[in-house]
Amino acid sequence: MAALLSRGRYPVPKSIRALQQCIRTASGSNSHYVLLPEVPPDTAETNTVMRIDQLPQFSQITPNSCIAACAKLSIEYETKLEKHIDTLKDPKVEKTFDSVYLPHEEIAVPLNTAWATVKNLHYVAASDDFRRAFSKIHPQVERVKNERWVSQPLYYSFKEIEANSANLSEYQKRLVNLYLLEGKLNGVHLSTEENSKLVDLRKEIVKESQNFRNKVRICTEIFTHDVTNFNHIDEMPWHLLAQMSTDKTNATRGPWRATLQPAVYQAMMTYCNDRMTRWNLWNAYHDRASHNHSAQFLNNNLLIETLRYYRSDLAIMLGYDNFAEMSMETKMAGSVENVLSMIETLRARFAPVVWEEMAQLQDFASSEGFKHSLEMWDLNYWKRRQREHLYSVKTDAVKEYFPINSVLLGLFDLCTNLFGVNFEEVTPEVEVWHPDVRFFNVLDGETGEHISSFYFDPFDRPGKISSGYMDLGRDNSEHFGTWPYSYLCLRIPRPQSSSDPALMSYGDIETMFSEFGHGLQQMLTKVPYSEIAGQKNIEWDAIHVCAKFMKMWLSNPSVVKSLSSHYNTGETIPDDMLSNMLKSSQHWNNFEMLYQLYVSAYDLEIYMTKTHWHTIHKQLWENFIPFPICEEDSLPCSMIPIFCEIYPAAYYSHKWSEMIAADIFSAFQEAGLEDQEKIKVLGRRFKDTYLSLGGGVPSCEVFRQFRGRDPSTQALQPVKL
């Protein structure tokens with residue numbers, strides 16, 4: 001039943017105004033009535049998605065309950081936030097940390113918890129209805145959560161708190177700084193006219209970014225190349241042949257359709273032995289949305305310049321010299337100069353090694369009968385051939401030594417030794433969304449006290465999306481007395497029968513360790529405020545430090561061996577197989593490092609200068625890549641991460657995180673990885689800094705607390721096989 005709200009009785013929140021269906025003006029009166037859809041009647045008592053004092057009751061969750069819960073909580077969030085902001089407008093109201101911040105904690109934790117439940121089901125549920133529910137409510141949730149950053153009364157209230165910050169705790173100061181920085185970046189200090197221009201500019205950036213993305217998507221989807229000669233793809237793994245075959249009844253009978261979709265494109269560049277076919281695909285991939293494209297309406301050439309200029313104008317309006325400088329406000333690096341110094345130092349270190357490896361690859365290809373100079377479209381094919389020649393790793397044979405339970409227990413043992421935490425599986429009291437899912441409690445190793453928990457959903461299945469993640473399910477909040485739990489979801493191939501073992505590839509193990517690094521930071525936080533607990537408020541270029549740190553333990557043969565137990569015999573992986581597996585996994589990592597440094601340098605240069613994007617592309621290529629540039633190469637026209645997503649002037653972030661993680665891991669190497677007492681001391685220090693403090697302390701200070709100095713690039717060295 002529609003609700004009638006008369007003007008002047010109480011304010012209509014924006015989230016409700018967005019749902020208005022009609023406005024009826026009363027005849028002969030200045031008053032009017034707003035006809036609204038009914039606000040969902042759901043409460044925490046009637047809708048499990050809205051509860052924060054218990055784990056989700058998945059058997060009771062439906063797509064409709066997800067929509068109703070998030071819609072209701074979004075409306076409540078915005079209504080209560082507006083009411084709180086109105087209170088702050090009164091100059092007589094004393095502005096203390098508790099009076100300004102805690103009302104937001106009160107409304108944010110329920111919404112964040114519900115939203116995390118819905119987001120997880122969006123990734124893992126078999127039903128498309130959950131994905132449609134997510135898509136339906138996502139814009140509303142994101143919009144209302146951003147309202148706090150654009151409120152002038154809230155911004156200036158935190159300004160008052162900052163002026164009297166002597167009695168604030170370190171975490172409280174961090175929160176004050178967060179609100180002031182986000183307010184500044186959202187232009188709340190600007191005049192009404194300037195702020196309006198800023199809002200319009202942001203809308204244009206969003207619109208043109210989507211335009212850029214759509215052109216790349218269309219160009220990716222319209223290209224196909226049918227391979228009719230089986231000899232050109234006879235090195236292709238069977239499952240990839242079956243995926244590409246147009247005859248689903250017989251994977252060996254073509255034609256086989258190649259596309260520019262990532263999985264198929266990478267497979268063709270890696271396994272297709274016909275050079276002309278590889279060139280055709282490479283050229284099409286690097287030509288997407290470029291000025292070379294026959295359909296000019298799909299050209300991103302001018303759109304690159306438009307997005308650059310829009311972001312430059314945005315930065316200048318906010319008081320920065322350029323967009324790259326503005327980007328550094330939310331980064332651990334602190335300045336463009338620091339990032340460029342890292343890039344150049346690593347380039348100088350890795351380039352000679354990569355050039356030497358390139359010569360070795362050319363010699364290998366020539367010895368195998370290849371009569372050309374290697375080009376970019378040859379690289380993946382000959383890298384794979386060289387790797388197989390050098391190491392002869394049989395993936396299926398390796399997987400036999402890594403049953404999922406052995407790997408999981410090995411990961412738990414490592415975390416127990418390093419961080420002093422234990423893990424306890426809970427069955428069957430906890431509800432899960434699929435029979436595959438398991439639930440674990442994380443306990444203090446000394447007291448046995450419960451700290452946090454996580455769900456583990458390991459296997460691939462129809463409808464499950466995302467290659468792997470560990471995401472927060474509920475915030476740590478002292479105000480609510482809630483402890484955190486997380487979702488760890490992987491896509492390991494499911495055994496064909498219940499009697500078959502569930503086996504992991506080395507790549508699966510790397511993903512598990514990496515994602516668990518994220519999870520440890522989510523689950524072991526000691527920060528009392530949800531806004532900065534766990535991984536929240538960690539600088540973008542430091543968000544992957546714990547993930548990369550955990551993955552680096554897999555470079556230690558003894559750790560990998562401890563994960564192994566042959567599914568049939570229980571034997572650990574043989575030393576020669578282990579050595580070849582590790583070397584194979586690191587093969588040509590040096591080139592990958594150099595290429596990522598090139599993209600990072602390109603990304604910064606794009607947002608610091610006015611030089612044409614193609615000129616920058618050519619100039620940087622010569623310094624970073626051991627191939628002559630192909631004149632037709634227009635890859636920047638399809639670089640979605642640096643033009644459309646969260647990485648404009650921030651692509652370097654993964655390399656920065658890797659540098660920090662390597663510096664941290666080197667402390668363990670210096671202590672001696674086999675010296676259990678020293679490793680235990682360092683592990684506890686890592687827990688008390690990186691895992692406990694998270695976003696509650698600036699990342700540069702967290703590093704100093706662990707390492708006792710500023711970071712160095714020294715630990716990040718070329719791989720020597």
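Below is a short write-up of the structure. (Residues numbered from 1 in each chain as written. Predicted model: local features only at pLDDT ≥ 70, side-chain atom pairs only at ≥ 80, totals over all residues. Heavy atoms only, no water.)

**Describing helix α13 (residues 336–367)**
Turning to step 1, where the next piece is worked out: Given a rise of 1.5 Å per residue, 32 residues ought to cover 46 Å, and the 45 Å separating the end C-alpha atoms of α13 matches this to within 8%.
Turning to step 2, where the next piece is worked out: In the structure, α13 departs most strongly from a straight axis at F350, where the bend amounts to approximately 35 degrees and where the proline P352 lies between one and four residues downstream. (Helix = DSSP H or I, 4+ residues; strand = E, 2+ residues; numbered from the N terminus. Expected span 1.5 Å × (residues − 1). Bend = angle between axes of the 7 residues up to and from the residue.)

**Concerning the packing of aromatic side chains**
Turning to step 1, where the next piece is worked out: Summed over the entire model, instances satisfying the criterion amount to 54 aromatic pairs.
Turning to step 2, where the next piece is worked out: Aromatic pair W115 and F134: ring centres 5.0 Å apart, planes at 10 degrees, arrangement stacked. Note that W115 is positioned in helix α3 (residues 97–124) and F134 in helix α4 (residues 128–145), a separation of 19 residues in sequence.
Turning to step 3, where the next piece is worked out: Under the relative-accessibility criterion, W115 is labelled buried at 4%.
Turning to step 4, where the next piece is worked out: Its relative accessible area of 11% is what places F134 among the buried residues.
Turning to step 5, where the next piece is worked out: On the numbers, 6.4 Å between centres and 45 degrees between planes, the contact of F412 with F516 is tilted. Within this pair, whereas F412 is found in helix α16 (residues 404–419), its partner F516 is found in helix α17 (residues 506–523), the two being separated by 104 residues in sequence.
Turning to step 6, where the next piece is worked out: On the basis of relative accessibility, which here comes to 7%, the residue F412 falls in the buried class.
Turning to step 7, where the next piece is worked out: Through a chain of ring-to-ring contacts, three or more aromatic side chains come together here, namely F419, F549, W553, F665, F668, F686, Y690 and F706.
Turning to step 8, where the next piece is worked out: The ring centre of Y285 lies 3.8 Å from the NZ or CZ of R288, which sits over that ring.
Turning to step 9, where the next piece is worked out: Across the ring face of F706, the terminal group of R685 is positioned such that the distance to the ring centre comes to 5.5 Å. (Phe/Tyr/Trp six-rings, centres within 6.5 Å; stacked < 30°, edge-to-face > 60°. Buried < 20%, exposed > 50% of the residue type's maximum accessible area, 1.4 Å probe, protein only. Lys NZ or Arg CZ within 6 Å of the ring centre and 35° of its normal.)

**Notes on the state of the cysteines**
Turning to step 1, where the next piece is worked out: Per the stated rule, a full pass over the model turns up 0 disulfides.
Turning to step 2, where the next piece is worked out: The cysteine C66 is free of any disulfide, with C70 supplying the nearest cysteine sulfur at 6.7 Å.
Turning to step 3, where the next piece is worked out: In this structure C272 is not part of a disulfide, and its nearest cysteine sulfur, from C630, lies 18 Å away. (Disulfide = S-S within 2.5 Å.)

**Digging into the packing of helix α25 (residues 676–693) against helix α26 (residues 699–707)**
Turning to step 1, where the next piece is worked out: Interaxial distance between α25 and α26 falls to 9 Å at its minimum, and their mutual angle equals 165 degrees. With respect to α26, the element α25 is oriented roughly antiparallel. Considering only the axes of α25 and α26, their crossing is right-handed. Along the contact surface, α25 presents L682, R685, F686, T689, Y690 and L693, while α26 presents S699, V702, F703, Q705 and F706. (Axes fitted to C-alpha atoms, helices over the stretch in contact; angles between N-to-C directions. Parallel < 35°, antiparallel > 145°, perpendicular 65-115°, else oblique. Left-handed = near helix turned anticlockwise from the far one by under 90°. Contact = heavy atoms within 4.5 Å.)

**Structural notes on the environment of Q676**
Turning to step 1, where the next piece is worked out: Within the secondary structure layout, Q676 lies in helix α25.
Turning to step 2, where the next piece is worked out: Judged by relative accessible area, which is 43%, Q676 ranks as partly exposed.
Turning to step 3, where the next piece is worked out: Distance from Q676 to I629, taken between C-alpha atoms, is 50 Å for residues 47 residues apart in sequence.

**Structural notes on the pairing of strand β8 (residues 450–459)**
Turning to step 1, where the next piece is worked out: Burial runs high along β8: 8 of the 10 residues are buried.
Turning to step 2, where the next piece is worked out: Examined bridge by bridge, strand β7 (residues 438–444) and β8 share 6 bridges and lie antiparallel to one another. Paired with N441 across the two strands is S453, which belongs to β8.
Turning to step 3, where the next piece is worked out: Remark: 5 residues form the turn of the hairpin made by β7 and β8, two consecutive strands paired antiparallel; G448 in that turn has positive phi of roughly 75 degrees.
Turning to step 4, where the next piece is worked out: Bridge count for β8 against strand β10 (residues 485–492) is 6 bridges, and the pairing is parallel. Considered in β10, the bridge of F456 is made with L488. (Pairing = 2+ DSSP bridges.)

**Observations concerning the nonpolar core**
Turning to step 1, where the next piece is worked out: Formed by 189 residues in total, the largest nonpolar core has its most connected members in F402, F454, F516 and F668.
Turning to step 2, where the next piece is worked out: The greatest single-element share of this core, amounting to 12 residues, is contributed by α13.
Turning to step 3, where the next piece is worked out: Dropping the residues within four chain positions of it, F402 is found in contact with V407, A502, L503, M504, I509, V560, L563, S564, I573 and M581.
Turning to step 4, where the next piece is worked out: Counting residues in hydrophobic clusters, the runner-up holds 36 residues, among them Y77, A108, V118 and W433. (Core = buried A, V, L, I, M, F, W, Y, C linked by side-chain atoms within 4.5 Å.)

**Some details on the side chain of R707**
Turning to step 1, where the next piece is worked out: By the element assignment, R707 lies in helix α26.
Turning to step 2, where the next piece is worked out: Other than its neighbours up to four places away in sequence, R707 contacts D663, S666, A667 and E670.

**Quick word on unusual backbone geometry**
Turning to step 1, where the next piece is worked out: With an omega of 5 degrees, the peptide bond between G254 and P255 qualifies as cis.
Turning to step 2, where the next piece is worked out: In this fold, P255 is placed in the loop between α8 (238–244) and β5 (256–259).
Turning to step 3, where the next piece is worked out: Omega for the bond connecting T427 with P428 falls within 30 degrees of zero, at -10 degrees, which places this linkage in the cis form.
Turning to step 4, where the next piece is worked out: Mapping P428 onto the fold places it in the loop between β6 (421–425) and β7.
Turning to step 5, where the next piece is worked out: Positive phi is not limited to glycine here, since S392 has a value of about 45 degrees.
Turning to step 6, where the next piece is worked out: Of note, S392 is situated in the loop between α14 (376–391) and α15 (395–399).
Turning to step 7, where the next piece is worked out: One non-glycine residue, N537, lies in positive phi territory at about 75 degrees.
Turning to step 8, where the next piece is worked out: Topologically, N537 is positioned in the loop between α17 and α18 (545–552).

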